[in-house]
Amino acid sequence: MFKPHVTVACVVQAQGKFLVVEETIRGKALWNQPAGHLEADETLVQAAERELYEETGLRASVQHFLRLHQWIAPDNTPFLRFCFAIDLPAPLPTAPQDSDIDRCLWLPAGEILHAPNLRSPLVAESLRCWQQPARYPLSLLSAFHWPFPQ
């Protein structure tokens with residue numbers, strides 16, 4: 001049965017710097033946006049805000065929906081990645097809650113876009129999406145629970 005991995009990611013910007021998380025995978029330090037999998041009991045927005053907190057210690061509300069990316073990883077694993085934008089007035093101190101995260105970095109876009117250690121091509125693509133003017137309202141994504149409210 002075909003079942004894509006549904007993930008969320010936050011492009012977090014403050015004063016021209018972007019937040020990345022660094023984690024060691026198979027002995028290599030890789031960069032990613034704060035990101036992770038959707039859990040069964042949450043909306044996409046809740047998942048994005050939870051992952052942001054777990055991976056960086058920051059509590060912030062997503063402000064815009066940027067893009068939905070469909071990606072097939074090299075091992076043929078399918079992903080649907082919902083990408084959100086958060087603009088902060090200034091870079092904030094971070095304190096990862098997830099032991100898988102080694103550290104968080106505030107970096108200029110160029111350093112991320114040209115980095116050889118991105119976890120996937122979606123990291124650079126999400127940043128390029130943020131650099132475009134298109135921003136979509138969160139109301140584009142709606143969650144329904146059964147039974148529907150009367």
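As shown above, the structure is provided for reference.
Position labels on residues start from 1 in each chain and follow its written sequence. Totals for whole chains, interfaces and linings use all residues, but because this is a predicted model, local features are given only for residues with pLDDT of at least 70 and pairs of side-chain atoms are given and counted only at 80 or more. Excluded from the side-chain calculation are hydrogens and water; included are all heavy atoms of the structure.

K.L.:
Could you give an account of the layout of surface pockets, with specific residues and numbers?
P.N.:
Empty space within the largest pocket amounts to approximately 700 Å³. Using a 1 Å grid laid over the protein atoms alone, points where a 1.4 Å probe fits but cannot get out form a cavity; open sets with protein on both sides within 12 Å along at least 5 of 7 lines form a pocket; any residue with an atom within 4 Å of a point counts as lining. As for the largest pocket, its lining consists of 27 residues, of which Glu-23, Ile-25, Asn-32, Phe-79 and Arg-119 are closest to the centre. Per the convention used, a helix needs a DSSP run of H or I reaching at least four residues, while a strand needs a run of E reaching at least two, with both numbered from the N terminus. Breaking the lining of the largest pocket down by element, the ones donating at least two residues are strand 1 (5-14), strand 2 (17-25), strand 3 (28-32), strand 4 (35-37), helix 1 (44-56), strand 6 (78-88) and helix 3 (121-131). Three categories are distinguished: nonpolar for Ala, Val, Leu, Ile, Met, Phe, Trp, Tyr, Cys and Pro, charged for Asp, Glu, Lys and Arg, and polar for the others, with Gly belonging to the last. For the lining of the largest pocket, the class distribution of residues is eleven nonpolar, six polar and ten charged. Grid points are joined across faces, edges and corners, and a volume is the space filled by probe spheres set on the points.

K.L.:
Help me get a handle on the side chain of Gln-33, residues and values and all.
P.N.:
For Gln-33, the location among the structural elements is in the loop between strand 3 and strand 4. Residue Gln-33 is classed as buried on the basis of its relative accessible area, which comes to 4%. As used in this structure description, the phrase polar contact means that two N or O atoms lie within 3.5 Å; if the pair is within protein, one of them must be able to donate a hydrogen and the other to accept it, and residues adjacent in sequence are counted only when both atoms belong to side chains. Polar side-chain contacts of Gln-33 include one of 2.9 Å to the backbone oxygen of Val-123. Here the term buried applies to any residue with accessible area under 20% of the maximum for its type, exposed to any over 50%, and partly exposed to those in between, with areas from a 1.4 Å probe on protein chains only.

K.L.:
Give me unusual backbone geometry: which residues, what numbers.
P.N.:
Although it is not a glycine, Arg-26 sits at a positive phi angle of roughly 50°. You can see Arg-26 is positioned in the loop between strand 2 and strand 3. With relative accessibility at 82%, the residue Arg-26 sits in the exposed group.

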